Amino acid sequence: MSEGSGTTSDDRPQYRYDARLANEIETRWQDRWEAEHTFWAPNPVGPLTEGWERAAGKPKLYVLDMFPYPSGAGLHVGHPLGYIGTDVFARYWRMRGHNVLHAMGYDAFGLPAEQYAVQTGQHPRVTTEANVANMRRQLRALGLGHDPRRGVATTDVAYYRWTQWIFLQIFGTWYDDVADRARPIAELEAELEAGSREPLSEANPDGLPWSELEDRTRRAVVDSYRLAYLEEAAVNWCPALGTVLANEEVTVDGRSERGNHPVFRRPLKQWVLAITSYADRLLADLDLVDWPEPIKVMQRNWIGRSVGANVAFPVVGHDGVDIEVFTTRPDTLFGATYMVLAPEHPLVDEIVPPDWPDSFITDEVSDLPASWRGIFGTDVLPTEAVRKYREFAGAKSELERQSEGKVKTGVFTGAFAHNPLNGWPIPIFIADYVLMGYGTGAIMAVPAHDQRDFEFAREFDLSIRGVVRPSDAWLAERGADADDADAWPEAYVGEGAAMASENEGVSLDGLATADAKRVIGEYLDAEGIGAPTVTYKLRDWLFSRQRYWGEPFPIVYDDDGAPRAVPEALLPVELPELTDFEPRVLSEDDRETDPEPPLARVADWVEVELDLGDGPRRYRRETNTMPQWAGSCWYYLRYLDPTNDAALVDPEVERYWMGGGDGTGGVDLYVGGVEHAVLHLLYARFWHKLLFDLGHVSTPEPFARLFNQGYIQAPAFTDGRGVYVEAAEVVERDGGFFRGDEPVNREFGKMGKSLRNVVTPDDMYRDYGADTLRLYEMFMGPLDASRPWSTADVTGVHRFLQRLWRNVVDESTGSVQVDDAPADDETRRILHRTIAAVGSDMADLKFNTAIARLFELNNRLTQVVAERGAAPLEVVVPLVQMLAPLSPHVADELWSRLGNPETIAYEPFPEADPAFLAVDEVEVAVQVNGKVRAQVRVASGADDAAHEAAARADERVMAALAGKTVRKVIVVPGRIVNFVVG
RNA sequence: GCCCGGGUGGUGGAAUGGCAGACACGGCGGACUCAAAAUCCGCUGCUCGAAAGGGCGUGAGGGUUCGAGUCCCUCCCCGGGCACCA
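The notes below deal with the structure included here. All residue numbers refer to positions counted from 1 along the written sequence of the respective chain. Each chain is given a letter, starting from A, and each ligand a number, starting from 1, according to the order in which they appear as written. Totals for whole chains, interfaces and linings use every residue, but because this is a predicted model, local features are given only for residues with pLDDT of at least 70 and side-chain atom pairs only at 80 or more, for both listing and counting. No hydrogens and no water enter the side-chain calculation; it runs on all heavy atoms of the structure.

### Details of the overall build of chain A
Moving on, step 1. A count of helical and extended segments in chain A gives 31 helices and 33 strands.
Moving on, step 2. When its C-alpha atoms are laid out on the principal axes, chain A stretches across 105 × 90 × 70 Å.
Moving on, step 3. Summary of the burial criterion: residues with accessible area below 20% of their type's maximum are buried, those above 50% are exposed, and those between are partly exposed, where the area comes from a 1.4 Å probe applied to protein chains only. Per-residue burial over chain A gives 53% buried out of 982 residues.
Moving on, step 4. Under the convention used here, a 1.4 Å probe and the Shrake-Rupley method define accessible areas, while residue burial counts only the protein chains that appear. Summed over all atoms, the accessible surface of chain A reaches about 42500 Å², with 49% contributed by carbon and sulfur. Each helix corresponds to a stretch of at least 4 residues labelled H or I by DSSP, and each strand to a stretch of at least 2 residues labelled E; elements are numbered beginning at the N terminus.

### Focus: the sheet that holds strand β19 (residues 616-621)
Moving on, step 1. Taken in spatial order, the 4 strands make up an open sheet running β17-β16-β19-β18, and their pairing is antiparallel. Among the strands making up the open sheet, the edge pair consists of β17 (563-565) and β18 (607-611). Averaged over all pairs of adjacent strands, the angle between their axes in this sheet comes to 50°, without regard to strand direction.
Moving on, step 2. Between any two strands, pairing holds if DSSP finds at least two bridges. In the sheet, β18 pairs with β19 via 5 bridges, with the strands oriented antiparallel. Along β19, the bridge assignment pairs L610 with R617. The angle between two axes is taken between their N-to-C directions and runs from 0 to 180 degrees, where each axis is a line fitted to C-alpha atoms and a helix contributes only its stretch in contact.

### A few points about the packing of aromatic side chains
Moving on, step 1. Paired rings are identified among Phe, Tyr and Trp, the last through its six-membered ring, by centres lying within 6.5 Å, and are further divided according to the angle between planes into stacked (under 30 degrees), edge-to-face (over 60) and tilted (the rest). In the structure shown here, the tally under the stated rule is 53 aromatic pairs.
Moving on, step 2. Note on F67 and Y635: the rings are 3.9 Å apart at their centroids and 10° apart in plane angle, and the pair reads as stacked. Of the two residues, F67 sits in the loop between β1 (60-65) and α3 (81-95) while Y635 sits in helix α19 (residues 635-638), which places them 568 residues apart along the sequence. For the pair F67 and Y635, a shared accessibility class is recorded, and that class is buried.
Moving on, step 3. Seen in terms of ring centroids, W162 and W165 are 5.4 Å apart; in terms of plane orientation they differ by 65°. Their pairing is edge-to-face. Of this pair, W162 and W165 both sit in helix α6 (residues 157-171), 3 residues apart, which is roughly one turn of the helix.
Moving on, step 4. Linked through ring pairs, F167, F171, Y175, W271, Y278, W541, F543, F553, W629, Y683, F686 and W687 together constitute an aromatic cluster.
Moving on, step 5. Taking the ring centre of W33 as reference, the NZ or CZ of R91 above it sits at 4.8 Å.
Moving on, step 6. Here, a charge over a ring is recorded when the distance from Lys NZ or Arg CZ to the ring centre is within 6 Å and its angle to the ring normal is within 35 degrees. Seen from the ring of F171, R226 lies directly overhead, with NZ or CZ sitting 4.0 Å from the centre.

### Re the protein's contact with RNA strand B
Moving on, step 1. Only heavy atoms are used to decide nearness, and a residue is near a molecule or strand if one of them lies within 4 Å of it. Surrounding RNA strand B, one finds 54 residues, the nearest of these being S306, T328, Y438, R452 and Q935.
Moving on, step 2. For RNA strand B, the fraction of protein-proximal atoms (within 4 Å) that sit in sugar or phosphate groups is 65%.
Moving on, step 3. Between RNA strand B and R539 there is a distance of 3.3 Å, counted from a base nitrogen to a side-chain nitrogen or oxygen.
Moving on, step 4. Measuring from a base oxygen of RNA strand B, one finds a side-chain N or O atom of R975 at 3.3 Å.
Moving on, step 5. Examining the composition of the surface near RNA strand B, we find that 7 residues originate from one element, helix α26 (residues 847-868), more than from any other.
Moving on, step 6. Amino acid classes used here: Ala, Val, Leu, Ile, Met, Phe, Trp, Tyr, Cys and Pro are nonpolar; Asp, Glu, Lys and Arg are charged; the rest, including Gly, are polar. Of the residues that constitute the surface near RNA strand B, the class distribution is 21 nonpolar, 13 polar and 20 charged. Definition of a polar contact: a pair of N or O atoms within 3.5 Å, with one able to donate and the other able to accept a hydrogen when the atoms are protein atoms, and with sequence-neighbouring residues admitted only if both atoms are side-chain atoms.

### Side note on the pairing of strand β7 (residues 264-273)
Moving on, step 1. Across the 10 residues of β7, 7 count as buried, placing the element largely inside the fold.
Moving on, step 2. Relative to β7, strand β5 (residues 228-238) runs antiparallel, the two being bridged by 10 bridges. Across the sheet, the residue bridging to E231 is Q270, located in β7.
Moving on, step 3. As judged from the 2 bridges shared by β7 and strand β15 (residues 541-542), these two strands associate in the antiparallel manner. Across the sheet, the residue bridging to V272 is L542, located in β15.

### With respect to helix α23 (residues 770-779)
Moving on, step 1. α23 sits mainly inside the fold: 9 of its 10 residues count as buried.
Moving on, step 2. All buried positions along α23 are accounted for by A770, D771, T772, L773, R774, L775, Y776, E777 and M778.

### Quick look at the nonpolar core
Moving on, step 1. For this analysis, a nonpolar core means a set of buried residues of the types Ala, Val, Leu, Ile, Met, Phe, Trp, Tyr and Cys, connected via side-chain atoms within 4.5 Å. F167, F543 and W687 are the most contacted members of the largest nonpolar core, which has 94 residues in total.
Moving on, step 2. In this structure W687 touches T163, I166, I170, L273, W541, F543, A630, C633 and W634, once residues within four positions along its chain are discounted. The criterion used for residue contact is that any of the two residues' heavy atoms lie within 4.5 Å.

### Some details on the sheet that holds strand β13 (residues 442-445)
Moving on, step 1. Strand order in the open sheet formed by 4 strands is β11-β12-β10-β13, and the pairing between neighbours is mixed. Two strands bound the open sheet, and with one partner strand each, they are β11 (411-418) and β13. Going from strand to strand, the sheet's axes swing by 25° on average, the running direction of each strand aside.
Moving on, step 2. Relative to β13, strand β10 (residues 338-341) runs antiparallel, the two sharing 4 bridges. Within β13, the residue paired with V340 across the bridge is I443.
Moving on, step 3. Here helix α12 (residues 382-394) sits on the sheet and contacts β11 and β12 (425-430); the angle it forms with β11, its principal contact strand, is near 115°.

### Observations concerning the environment of V674
Moving on, step 1. By secondary structure assignment, the location of V674 is in the loop between β20 (669-672) and α21 (679-693).
Moving on, step 2. Sequence spacing of V674 and Q709 is 35 residues, and the spatial spacing of their C-alpha atoms is 7.5 Å.
Moving on, step 3. In contact with V674, other than residues within four places in its own chain, are I295, M298, N708 and Y711.

### Describing the pattern of salt bridges
Moving on, step 1. What makes a salt bridge here is a side-chain nitrogen of Lys or Arg within 4 Å of a carboxyl oxygen of Asp or Glu, nothing more. For the coordinates displayed, the defined rule picks out 59 salt bridges.
Moving on, step 2. R584 is the partner of E596 in a salt bridge, and the nearest nitrogen-oxygen pair spans 3.7 Å. Of the two residues, E596 is situated in the loop between β17 and α17 (603-606) and R584 in the loop between β17 and α17; the sequence distance between them amounts to 12 residues.
Moving on, step 3. For E596, a relative accessible area of 24% gives the class partly exposed.
Moving on, step 4. Bridged by salt links that share partners, the residues D176, R183, E187, E191 and R197 form one connected network.

### Things to note about the packing of helix α25 (residues 825-843) against α26
Relative placement of two packed helices is described by the angle separating their axes and the distance separating the axes.
Moving on, step 1. Relative to each other, α25 and α26 sit at 165°, their axes nearing to 8 Å. One finds that α25 runs roughly antiparallel with respect to α26. Considering the relative orientation of α25 and α26, their crossing is left-handed. On α26, the residues that touch E826, T827, I830, L831, T834, A837, V838, D841 and M842 of α25 are F847, T849, A850, R853, L854, L857, R860 and V864.
Moving on, step 2. Here the contact of α25 with α26 is built from residues that sort into 10 nonpolar, 3 polar and 4 charged. We call two directions roughly parallel when the angle between them is under 35 degrees, roughly antiparallel when it is over 145, roughly perpendicular when it lies between 65 and 115, and oblique otherwise. Helix crossings fall into two classes, left-handed where the near helix is turned counterclockwise from the far one by less than a right angle and right-handed where it is turned clockwise.

### Points about a nonpolar patch on the surface
Moving on, step 1. Distance thresholds for patches are 9 Å for like charges and 5 Å for nonpolar side chains (Val, Leu, Ile, Met, Phe, Trp, Tyr), applied to residues having over 30% relative accessible area and no salt bridge. A surface patch of nonpolar side chains, amounting to about 220 Å² of accessible area, comprises M298, V674 and Y711.
Moving on, step 2. The residue Y711 is located in the loop between β21 (706-708) and β22 (712-718) in this model.
Moving on, step 3. Residue class for Y711 comes out partly exposed when judged on its relative accessible area of 31%.

### With respect to the environment of G899
Moving on, step 1. Structurally, the position occupied by G899 is in the loop between α28 (888-897) and α29 (914-917).
Moving on, step 2. When the C-alpha positions of G899 and V816 are compared, they lie 9.6 Å apart, and in sequence the two are 83 residues distant.

### Quick notes on the environment of W52
Moving on, step 1. The topology assignment puts W52 in helix α2 (residues 52-55).
Moving on, step 2. Each C-alpha atom, one on W52 and one on T664, is 25 Å from the other, the two residues being 612 residues apart in sequence.
Moving on, step 3. Dropping the residues within four chain positions of it, W52 is found in contact with P42, N43, P44, N99 and Y656.

### Considerations on α26
In an α-helix, one turn spans 3.6 residues; hence positions three or four apart end up facing the same way.
Moving on, step 1. Here the expected span of a helix is defined as 1.5 Å times the quantity of residues minus one. In this model α26 runs 31 Å from its N-terminal to its C-terminal C-alpha over 22 residues, within 8% of the 32 Å that 1.5 Å per residue would give.
Moving on, step 2. Packed against the buried residues of α26 are α3, α23, α24 (791-808), α25, β29 (871-872) and α27 (873-883).
Moving on, step 3. Just beyond α26, the residue with positive phi is G869, at close to 80°.

### Quick word on the pairing of β20
Moving on, step 1. Covered by surrounding structure in β20 are L669 and V671 together with Y670 and G672, the residues of both alternating faces.
Moving on, step 2. In terms of strand pairing, β20 meets β21 through 3 bridges, oriented parallel. Bridge pairing in β21 places V671 opposite F707.

### Let's talk about the side chain of H889
Moving on, step 1. On the secondary structure map, H889 appears in helix α28.
Moving on, step 2. Of the polar contacts made by the side chain of H889, one reaches the side chain of D771; its length is 2.8 Å.
Moving on, step 3. Filtering out sequence-adjacent residues up to four positions away, H889 remains in contact with I25, E26, W29, Q30, W33, L142, G143, A770 and D771.

Below you can see the structure in the form of C-alpha cells.
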C-alpha cells in the first residue's frame, strides 16, 4: 500500500469496523467460547452432561454436516458454505430455546493419505493428523459453534473399534424374509437345530436335514445366511497397482485413472455386504423422510426395483437342466426366439457341446451361419469359441462395455433350449449385453419387443416374432405390418393386445398387456415353470479393499479357510505399524496372481493364536481393509456419545438426540453435497436399518431431513495460449478482462489449483474478517444453488457490518451511542416486519433474504441515527440479536458493549409484536384489463366494495375507464383491483 | 437415449397465480474535501419522449386465466444423475 503525498495512511478511526478490528474481535470471542464451553451440548446421561440442568426440558435439535475428508490442500472458500449454513441454523434454534447438537469430525482414512505415504514414506497417520489440525484451525477461525468434545476421526483407534464392532453385528446377522428384518445368527442356528427351519443353502446342495450335516457343512450353511459374506465377485483388477479399483477409478478405455495401467474384470474372493436384503425397505422408507425429491428419485433409480417373473427354459438334451431367466414381460414369452446367457454364467460350460450341431433344428434357419461361431474365425469348436469370447469380453472393463455403443457381440453355444410354452427349440447364445450381476444372468430374447434383443437378432439373423400388436400410429409411422415383425425397423416396446400367443393350455390373444401378464403369470405358476419375481439393480456391497489405510476386518481364517469372527472382547484389531504402504505390484497383464495387500506382509500380525471358544488355535487374519465408506456410515451416532467404550452409543443418549417427537426421528437436519446422493446416503441408511433391527438405535431412518447445499464456482482466466493465469491478478475494465495489458478470457469452473482461481478463507479473514465471509456466503444466493464467487461483492456485506457497527459504536471512542427513547412508528413497523421475516427465513434456510431484510432495517437505522444522533435501543437490541446467528463475533462484541455480560448465543431470538405488523392503510394497485394504471390507498381490512370505490375515485382510473363498459371487477383485498372492460 | 434441476437487468439474485427486478455489486450524478480515499444523498431493465406520459420486457412458441416469471403443452440451451438392468 503506497503512502499518499503529505498524508499518513493511518488516519482511520481506531474503532472503525475493518479487518483489523474484526480479527481482534473474532479471536477474542473464539477463545472465550472455547474457555466457557459455550457450545458444549449437554447429554442427558453419561460423561457429557455438563450444563444438562439448563438444557433439560428444552426441545432437542441435531444439526449435521457431511463428514469432511481432511485434505492436505486445506480449505478454499467453497468448502465451508454448508458448514456456515448449518451453523447459522443451529445458532438460530439455540436462540429459539433448543438444545442444539452441532459437531464436526473427520473422515480420515482413505486413499490420498495412503498415496502420499507411498510417495514419501511418511506414515499416513502423521500426514492425516497434520491435515486434521490445519482444517480444525481453519474451521475454528470461522466461529462455528461446534461441540469440540465430539470431533471424532475415523482413524482414532477408539472410533474404528466400533466400526469393527458394527461389522461383527453384520457378520453375526441374517435376514429373515418372513419377519422382514435382520436377526442374530444365533436365532437362526437355534431354529436349524430345532428343525423348525430347513438348511436351504448352496452349501447343502442335496438338501439334507440339519441333523445329518457335518460340522463343516453346518458352518458353511450358516455362513451363507450371513449379511456379511465372502464371494467370488467380478472386480476391476489392476495388477500393476496391485489392487482392485472402484468403477470410478477406471477410465473409459479400461485403464487405471492413476498411472494408466490395464484393468481387468476378474473374480476375486471379497467381502460383500447384503444391502439387497434391505432393498425394499430402503425404497419404501424414502417416504418417511423429508429429503429433496431429486435425491429420492436418484435413490429409487439406483435401487431399481423391477417386477416380473422368473421362467425356466429346459435345455435340449440335458434332462433336468433348466436355464432360469428373469423377465418383466412374461406376456411376450411366445415371442422368445433365442436365449442369451452372460459370458460368466455357470451353466455355460455344462451345456456347450463338443461340436456344432449337424442338423439345425429351428424351422427358420437350416444352416449354421458363420457369424454364430464367433468373431475369431469359423474353424473353431464351440468350447473354443466360447473361451475366446469370454476372454474378449473379460478384457473389457464395465465402462468400456458401456462406451462401445450398442454394437452387439456374442457367440452361439451350440446348445438349444425349449420355449416352455410351445416346446420350440431356440438357440442359446452368450453375449456381454447380458450381465451376470442382474436378474439370473440369463434372458429370454424377444427381439420383436426389446430393442437390445432386436439389434442382436439383426446382427445374427435370428427370427423376430411379434406377439404384441403395435399401435396403428406406430405401424403407420414406420410403414410396418403388424404381422411381419421381421420387417420392422425397430422393436415395439410399448403395450398392446397380445397376438400369436396360444398353446393347448393358455391363450393370451387379444389381452391387454397388463391382463396378459396376469394370465400368463397364473399359468406359469400352475405349470410349475415360473413364478412372479422382484429384481433390483442394486447389487450387494463389495466391501474389501487391498489397502493399508483403512479399518482392518475383525475376522480370522481357520485352517479350512472359513472365516471366524474375532470376539468383541478382543476389539479393536489395530492396524499394525508399517513402513511400506503399497500393495504388491505385478506385471501389467498378470491376471492370475492373487492380490497381496500391504497387511499380508506383516507375518507376525497375520499369524495369530486365539481362543474362539474351542481352545487356543492358530489363525490367519483377514488382510484386506474396509472401504472409506465404512467409517462415514455411522459417525453421526458416535458424535452423540464419543467417549463411550462400553457401547457404540448409550441407548438413552441415542433416544434423546435421535428420537423423533414427530415423524420418524433421526438427525433433524443433514446438510451436504449432492455427490453423496446415492452411495454414502444409501450405505448409511443400510447400516442404520440393520442397527435398528438389532435394537441398537431407535429410529428406522438416520436422517429425517436432508438439504443439499450448492457449490461455489469461481471464474478462471486463460491467456492467448489457453494457459490459466492467476485469477487474483486479473482486473476487469473496458468491458473485458486483463492481466496487466494482456487481455484474458473468462471461464467458470470449480475452485482449485489447476484453474489457478483458489480463494482461501485465510485470504478473507485477512482482508475482511470471518463474520464478513460468513455473511457473504450466506448472502450470495440461496443455500441450495450453485453460484460464482466474487471477491468484489464481498465489499457489500462488509460495508453493512461497518455501518451497523457505526450506528451503535462511536468509531473514534469505542463507546456506544444508543438511547432509551422510543423509536418512531414507521421505524417500529419496519423493525417488526423485519423480525417476522427474518425469523421465518432462517427457519427455512433462506439466509440470503433474511440478510436483505437486515440490510433494510439497518438502512433505516442509519437514517434515524443521522436524525437524532443516537440509535434507539429498541431497534439496536433486536437487530444485534438477529445478526447473531449470521455474524456471531461482531454480534457478541456489540452485545457485550451494550452492557451484557453473557454471550448472545443463548439470548432469545426477538419476537415480532403483531401490533406493529398491522397497518392502517395499504396501497393497492388498480389494473384495467390486467395493466396497472394507478395506485390507491385503502383502509386495511376494507371490503371489496370499498376497494372498488377507492379505485373508481382515482382520476387516472377514471380516465382509463372513460367511455368503456366495465364488464367485471376483480378485487383481491389489500393487493389489487382489476377492471375488465369491453 | 432415459430421469432430475435450471434459464429473470451490466452482475449475484428477489417475487403464497395479484404492482417483475427486493437487497447487494457495478455504473452515473451530487454533498463533504485543497485533493483523494472513506462516508453520506439521489438516479440506474430496455425503449420512444424536452417533459407529462406511453410502448416493450422473466430462453422461444402456443395454451389456461380477469390476471402467468409462477400452472399446462411443444421446443431450444445450460448443469447434474443413470445408462445394454432384460
